[in-house]
Amino acid sequence: MKTQETTFESAYKTWKGEWAGGGALKMRLQGNTMAFEYRPIFYFDESCGWDGAKQQSVMANCAEAYRRWEGEYDIHGRTLTLVLNVCPEITEHKRAANVRFLPDKGSRSTMVPRSLIWRRNHCCVVTYRAHDMYRLDSYVAQHELGHVLGIFDAYGYGGHFKGKYVLGVSLEKLANKLLPAAPFELTPRESIMRAGGPVTPLEAEMILLAWSRGRLQLYTKSALTLLGAQVGVQGASNAARTA
């Protein structure tokens with residue numbers, strides 16, 4: 001008797017119906033193909049000073065960056081095809097947007113705050129700050145989408161608090177302890193969730209695990225496990241090396 005070939009769908013699908021997620025972001029896992037439908041709704045604060053043509057250009061550049069997640073990834077000897085269909089829009093209403101371009105405010109940076117408690121049934125809002133916009137075309141937009149898809153950063157958070165102390169305690173060291181960097185043997189210095197770089201099979205597997213388990217995926221153990229995040233990449237380092 002022939003044994004039916006195991007697919008990613010049969011091994012990882014944990015939800016009822018055809019689609020997981022909903023609204024602005026949903027995913028369908030069929031056979032060995034993971035296909036996303038993403039509807040980023042852009043809001044541009046008037047402080048940006050961008051006319052309609054510039055807004056359309058920025059939106060198009062972001063959409064192109066998002067699509068760089070597409071590809072074929074070798075995960076433990078099987079090929080996963082990742083497809084990302086992007087249908088961007090622009091709104092004049094901040095609350096209606098899930099991609100927001102806002103002015104600088106204190107030390108706030110470009111971020112996806114809700115990714116800390118990521119769930120597959122809620123599309124996270126991305127907030128871009130003015131001082132990060134010069135990097136938008138290079139890798140920032142692609143990196144931030146990684147958070148929307150369910151992956152945490154590979155870099156340590158100490159850099160956000162460099163040189164800062166409270167009651168004699170180094171906030172830089174404390175942040176690196178609570179939110180440490182991924183080990184370099186797992187993911188290289190040049191990787192999309194550490195800085196600028198390519199998407200590897202490791203990230204593709206982490207997205208698959210995030211949607212299967214409904215939890216944010218970490219490269220290494222951190223304080224975020226207290227909020228339900230999981231370290232799901234053990235054994236995936238071999239896949240990462242084949243990229």
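Residues numbered from 1 in each chain as written. Predicted model: local features only at pLDDT ≥ 70, side-chain atom pairs only at ≥ 80, totals over all residues. Heavy atoms only, no water.

(A) Looking closely at the sheet that holds strand β8 (residues 99-102). The strand order across the open sheet formed by 4 strands is β7-β4-β8-β9, and the pairing between neighbours is parallel. Two strands in the sheet have a free side with no partner beyond their single neighbour: β7 (89-90) and β9 (126-129). Here 4 bridges tie β8 to β9, and the two strands are oriented parallel to one another. Among the inter-strand pairings, Val99 is bridged to a residue of β9, identified as Val126. (Pairing = 2+ DSSP bridges. Helix = DSSP H or I, 4+ residues; strand = E, 2+ residues; numbered from the N terminus.)

(B) Broad picture of the state of the cysteines. Applying the stated criterion to the full structure yields 0 disulfides. Between Cys62, a cysteine without a disulfide, and Cys48, which holds the nearest cysteine sulfur, the sulfur-to-sulfur distance is 11 Å. Note on Cys124: no disulfide assigned, nearest cysteine sulfur contributed by Cys123 at a separation of 6.6 Å. (Disulfide = S-S within 2.5 Å.)

(C) Broad picture of the pattern of salt bridges. Evaluated as defined, the whole model comprises 2 salt bridges. A salt bridge links Glu18 to Arg28, with the nearest nitrogen and oxygen atoms 2.6 Å apart. In this pair, Glu18 sits in the loop between α1 (8-12) and β1 (19-22) while Arg28 sits in strand β2 (residues 25-30), placing the two residues 10 residues apart along the sequence. For Glu18, a relative accessible area of 41% gives the class partly exposed. (Salt bridge = Lys/Arg side-chain N within 4 Å of Asp/Glu carboxyl O. Buried < 20%, exposed > 50% of the residue type's maximum accessible area, 1.4 Å probe, protein only.)

(D) Region of interest: helix α5 (residues 201-213). Look at α5: 18 Å from first C-alpha to last across 13 residues, which is about the 18 Å you get at 1.5 Å a residue. Burial analysis of α5 places 12 of its 13 residues in the buried class, the great majority of the element. Residues of α5 that are buried: Pro201, Leu202, Glu203, Ala204, Glu205, Met206, Ile207, Leu208, Leu209, Ala210, Trp211 and Ser212. Looking one or two residues beyond α5, the residue adopting positive phi is Gly214, at roughly 70°. (Expected span 1.5 Å × (residues − 1).)

(E) Structural detail: the sheet that holds β2. Across the sheet, 5 strands lie side by side as β1-β2-β3-β6-β5; this open sheet has mixed pairing. Edge positions in the open sheet fall to β1 and β5 (71-75), since each of these has one partner strand only. Here the strands of the sheet are splayed against their neighbours by 20° on average, with no regard to which way each runs. Inspection of the sheet shows β2 paired to strand β3 (residues 33-38) by 6 bridges, in the antiparallel sense. From the neighbouring strand, Leu29 faces β3, where its bridge partner is Met34. Along the sheet, α5 contacts β1, β2, β3, β5 and β6 (78-86); its crossing angle with β5, the most-contacted strand, is approximately 85°. (Axes fitted to C-alpha atoms, helices over the stretch in contact; angles between N-to-C directions. Contact = heavy atoms within 4.5 Å.)

(F) Local environment of the layout of surface pockets. Estimates place the volume of the largest pocket at around 680 Å³. Lining the largest pocket are 27 residues, and of these Ser109, Thr110, Tyr155, Tyr157 and His160 sit closest to its centre. The class makeup of the residues in the lining of the largest pocket is 12 nonpolar, 8 polar and 7 charged. (1 Å grid on protein atoms, 1.4 Å probe; cavity = no way out; pocket = protein on both sides within 12 Å on 5 of 7 lines; lining within 4 Å. Points joined across faces, edges and corners; volume = space filled by probe spheres on them. Nonpolar A, V, L, I, M, F, W, Y, C, P; charged D, E, K, R; others polar.)

(G) View of the confidence of the model for the chain. Across the chain, the average pLDDT comes to 89, with 92% of residues at or above 70. For the stretch residues 235-243, pLDDT sits under 50, and the model shows 16 contacts to residues farther than four places along the chain or on other chains. (pLDDT = per-residue confidence, 0-100.)

(H) Structural detail: the packing of aromatic side chains. Counting across every chain of the model gives 12 aromatic pairs. When the centroid spacing of 5.3 Å and the interplanar angle of 75° are considered together, the rings of Phe36 and Trp211 count as edge-to-face. Of this pair, Phe36 sits in strand β3 while Trp211 is found in helix α5, placing the two residues 175 residues apart along the sequence. Take Phe36 and Trp211: they sit in the same class, and that class is buried. Among the aromatic residues, those joined into a cluster by ring pairs are Phe42, Phe44, Trp50, Phe101 and Tyr128. The ring centre of Trp50 lies 5.5 Å from the NZ or CZ of Lys54, which sits over that ring. (Phe/Tyr/Trp six-rings, centres within 6.5 Å; stacked < 30°, edge-to-face > 60°. Lys NZ or Arg CZ within 6 Å of the ring centre and 35° of its normal.)

(I) How the structure looks around a nonpolar patch on the surface. On the surface, a nonpolar cluster with roughly 230 Å² of combined accessible area is contributed by Leu116, Ile117 and Leu227. Tracing the sequence through the fold places Leu227 in the loop between β12 (217-218) and β13 (230-231). (Patch = residues over 30% accessible without salt bridge, like charges linked within 9 Å, V, L, I, M, F, W, Y side chains within 5 Å. Areas by Shrake-Rupley, 256 points an atom, 1.4 Å probe, with all protein chains shown as cover.)

(J) Expanded view of empty space enclosed by the protein. Throughout the structure, instances matching the rule amount to 1 cavity of 30 Å³ or more. By volume, the largest cavity is sized at about 40 Å³. Its residues assigned to classes, the lining of the largest cavity shows 4 nonpolar, 2 polar and 1 charged.

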